[in-house]
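# Tertiary structure, described
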Amino acid sequence: MADLKGFYLLNEGNMSMNKAALDYMDFETGIYEKEVFRTANPEEVGGLGDVGNDMGIYGSKLYVVVNASNKVEVIDVNTRKKLNK
């Protein structure tokens, strides 16, 4: 099993407010970073979207289900850049 270096936290946000957000806690440095998706993807109007519902990591990709925006964001785990267009 690989050593855990940190974790992502998906903030649901308020319905109809486009406030879903992705944060990251780094175990090695002890730093908690807020809004890592928005920071890595400033061109994305509205950030993640409306009502973050679920997420999972498979390989080097993070999949985030954004319920009310009817989409799944595919994000590079290391760079936090959006991979799907």
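Residues numbered from 1 in each chain as written. Predicted model: local features only at pLDDT ≥ 70, side-chain atom pairs only at ≥ 80, totals over all residues. Heavy atoms only, no water.

## With respect to the environment of V77
Within the element layout of this structure, V77 appears in the segment after β6 (71-76). Residue classification places V77 among the buried positions, given a relative accessible area of 18%. Separated by 62 residues in the primary sequence, V77 and M15 place their C-alpha atoms 26 Å from one another. Sequence-distant contacts of V77, defined by excluding residues within four places in its chain, comprise Y8, I57, S60, K61 and L62. (Helix = DSSP H or I, 4+ residues; strand = E, 2+ residues; numbered from the N terminus. Buried < 20%, exposed > 50% of the residue type's maximum accessible area, 1.4 Å probe, protein only. Contact = heavy atoms within 4.5 Å.)

## Digging into the sheet that holds strand β1 (residues 6-11)
If you trace the 3 strands from one edge of the open sheet to the other, you get β1-β2-β3, paired in antiparallel fashion. On the outer flanks of this sheet lie β1 and β3 (32-33), each paired with one strand and no other. Pairing analysis gives 2 bridges linking strand β2 (residues 21-26) to β3, with the strands arranged antiparallel. Looking across to β3, one finds that M25 is bridged to Y32. (Pairing = 2+ DSSP bridges.)

## Points about the sheet that holds strand β5 (residues 61-66)
A sheet is described by the order of its strands in space; here 3 strands give the open sequence β4-β5-β6, paired in antiparallel fashion. Each of the sheet's edge strands pairs with one partner strand only, and the pair in question is β4 (52-58) and β6. Across the sheet, the axes of successive neighbouring strands diverge by a mean angle of 20°, strand direction being ignored. For β5 and β6, the ladder comprises 6 bridges, and the chain directions are antiparallel. Its bridge partner lying in β6, V65 is registered against V72. (Axes fitted to C-alpha atoms, helices over the stretch in contact; angles between N-to-C directions.)

## What about the pairing of β4?
Sheet topology places β4 next to β5; 6 bridges connect them, and they run antiparallel. Counterpart to M55 in the pairing with β5 is V64. If you look at the hairpin formed by β4 and β5, you'll find 2 residues sitting between the two strands, and G59 has a positive phi there, around 65°.

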